[in-house]
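If you want the building blocks of each chain, they are given just below.
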Amino acid sequence: MIAFIIRRLLVAVPVLLILIVGTFILMYTAPGSPFATERGIPPAVLANLEAQYGLDQPFHVQIWRYIVGIVTEFDFGPSFIYRDQDVNDLIGQGFPVTLTYGFWSFLAAVLVGGTLGILAAVRHNTWLDYLAVGMSIGAQVLPNFVLAPILVLVFTLWLGWLPGGGWQGGQWQFVILPVIALSTSFMASIARISRASMLEVLTSNFIRTARAKGLPMRRVIFRHALKPALLPVISYLGPAFVGMITGSVVIDIYFSTGGIGQFFVASALNRDYGVMMGITVLLGALTIFFNLLVDILYAWIDPKIRY
């Protein structure tokens, strides 16, 4: 297992470097300038600004300094728009917010979706199965940018139970609606995957043998069927968690939570290439890390699996 983890780490490092270089090239070749305005600025002022941020240097010098800054000091460079804050400050300000409701969304999606899918498979072709399938389909067709205004309309404007926006240090009443809006579609996917996987496992020969020996159904499920049934779900969880973080763009904008999603959108509109690169590299690194974690967990659950 240790050799497997080392091999996966050795693969992850060059992938991350390729991601950084590729992102930098895309930002470098993008048209326009972060300092361009509708009225234009004098060439001398533009030259001074580019010299201040090192944009007058050759391409290979800029990219080398950027990579060295990330590797040695975890420094994503300056922001071209927020003059008093660099990219690290903006990520440090928004990422804890995004991580907080992303974590609760992930937990809710896994617990509710996994339980719903397993119960539907165990009670196959009963009212519970039909209810779970119906809820999954209904939740799957509601993306977060549609569900978010519906939640605000119902729970804020009609019932007045929960605030429709803000964060207030992460108080629970400000977290509930973003978590529901973000986790619902992922919960539906997890329920569908776990139901299909459990149904397949329950028809396996070793499950028939266990039931033929007279083992209680609860023991068959938890001791023999649950572990192999979770393998497809686990392979989905890594990208799902990253998807919740990246899907926070809509949540941040709609609920005004102050997460990194709003900085990402603002940087794209203002051509703040430093912030765009920093958030892109951060999300890419999270994707690589969680895929690595899923691979390790997958290999731990099923020792036959090696990559």
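Here is what the cut-offs are and how they apply
Residues numbered from 1 in each chain as written. Predicted model: local features only at pLDDT ≥ 70, side-chain atom pairs only at ≥ 80, totals over all residues. Heavy atoms only, no water. Helix = DSSP H or I, 4+ residues; strand = E, 2+ residues; numbered from the N terminus. Buried < 20%, exposed > 50% of the residue type's maximum accessible area, 1.4 Å probe, protein only. Contact = heavy atoms within 4.5 Å. Areas by Shrake-Rupley, 256 points an atom, 1.4 Å probe, with all protein chains shown as cover. Lys, Arg positive; Asp, Glu negative; His and termini not counted. Charge placed at Lys NZ, Arg CZ, Asp CG, Glu CD. Axes fitted to C-alpha atoms, helices over the stretch in contact; angles between N-to-C directions. Parallel < 35°, antiparallel > 145°, perpendicular 65-115°, else oblique. Left-handed = near helix turned anticlockwise from the far one by under 90°. Nonpolar A, V, L, I, M, F, W, Y, C, P; charged D, E, K, R; others polar. Phe/Tyr/Trp six-rings, centres within 6.5 Å; stacked < 30°, edge-to-face > 60°. Core = buried A, V, L, I, M, F, W, Y, C linked by side-chain atoms within 4.5 Å. Patch = residues over 30% accessible without salt bridge, like charges linked within 9 Å, V, L, I, M, F, W, Y side chains within 5 Å. Salt bridge = Lys/Arg side-chain N within 4 Å of Asp/Glu carboxyl O. pLDDT = per-residue confidence, 0-100.

Quick notes on the overall build of the chain
A tally of helices and strands in the chain yields twelve helices and zero strands. In sequence order, the chain lays out its α and β elements as α-α-α-α-α-α-α-α-α-α-α-α. With respect to the three principal axes, the spread of C-alpha positions in the chain is 85 × 55 × 30 Å. Looking at the 307 residues of the chain, the share that counts as buried comes to 41%. Partitioning the intrachain contacts of the chain with sequence separation of at least 6 by distance along the chain shows that 72% fall at a separation of at least 24. Put simply, the chain shows about 16,700 Å² of open surface, and 68% of that area lies on carbon and sulfur atoms. Of the charged side chains in the chain, 18 are positive and 14 negative, and the gap between their average positions amounts to 25 Å.

What to know about the packing of helix α11 (residues 260-270) against helix α12 (residues 273-301)
Put simply, α11 and α12 touch, their axes get as near as 8 Å, and they point 135 degrees apart. Relative to α12, α11 is oriented oblique. The hand of the α11/α12 crossing is left-handed. Only Val275, Met276, Ile279, Thr280, Leu282 and Leu283 of α12 make contact with α11, whose side of the interface consists of Ile260, Phe263, Phe264, Ser267 and Ala268. The residue inventory of the contact of α11 with α12, partitioned by class, reads nine nonpolar, two polar and no charged.

A closer look at the packing of aromatic side chains
What the rule picks out here adds up to eleven aromatic pairs. Ring centres 5.2 Å apart and planes at 90 degrees place the aromatic pair Phe106 and Phe241 in the edge-to-face group. In this pair, Phe106 is assigned in helix α4 (residues 87-122) and Phe241 in helix α9 (residues 217-246), connecting sequence segments 135 residues apart. You'll find Phe106 and Phe241 in the same group, each marked buried. Every member of this aromatic cluster is reached through a ring pair, and the members are Phe106, Phe241, Phe289 and Phe290.

Structural notes on the nonpolar core
One finds Tyr66, Phe76, Ile91, Phe95, Tyr101, Phe255 and Ile279 to be the most contacted residues of the largest nonpolar core, which totals 57 residues. By residue number, the principal contributor to this core is α12, which donates ten residues. Excluding residues within four positions of it along the chain, Phe95 makes contact with Ile245, Ile260, Leu282 and Leu286. Counting residues in hydrophobic clusters, the runner-up holds eleven residues, among them Met198, Val201, Ile207 and Val220.

Structural notes on the environment of Thr100
Here Thr100 shows up in helix α4. Sequence spacing of Thr100 and Gly259 is 159 residues, and the spatial spacing of their C-alpha atoms is 9.5 Å.

Comments concerning a nonpolar patch on the surface
Together, Phe103, Trp104, Leu107, Leu111 and Val112 make up a nonpolar patch on the protein surface, roughly 460 Å² of accessible area in all. Position of Trp104 among the secondary structure elements: in helix α4. Accessibility expressed as a relative area gives 44% for Trp104, which makes it partly exposed.

What to know about the confidence of the model for the chain
The pLDDT averaged across the chain works out to 84; a share of 96% of its residues lies at or above 70. Within the chain, the lowest mean pLDDT, 80, falls on helix α2 (residues 43-52), and the highest, 90, falls on helix α7 (residues 172-202).

Here's the deal with the packing of helix α1 (residues 2-29) against helix α3 (residues 59-73)
At a minimum axis separation of 11 Å, α1 and α3 run at an interaxial angle of 135 degrees. Relative to α3, the element α1 lies oblique. Read as a crossing pair, α1 and α3 show a hand that is right-handed. Contacts between α1 and α3 involve Leu17, Ile20, Val21, Phe24, Ile25 and Tyr28 from the former and Phe59, Gln62, Ile63, Tyr66, Ile67 and Ile70 from the latter.

Some remarks on the environment of Thr126
By secondary structure assignment, the location of Thr126 is in the loop between α4 and α5 (127-140). Overall, the relative accessible area of 28% leaves Thr126 in the partly exposed class. C-alpha of Thr126 to C-alpha of Pro232: the two residues are 106 residues apart in sequence and 24 Å apart in space.

Concerning the pattern of salt bridges
Applying the stated criterion across every chain yields a total of one salt bridge. Here Asp129 makes a salt bridge to Arg195, at a shortest N to O gap of 2.8 Å. Taken together, the positions of Asp129 in helix α5 and Arg195 in helix α7 put the pair 66 residues apart, joining distant regions of the chain. For Arg195, a relative accessible area of 21% puts it in the partly exposed group.

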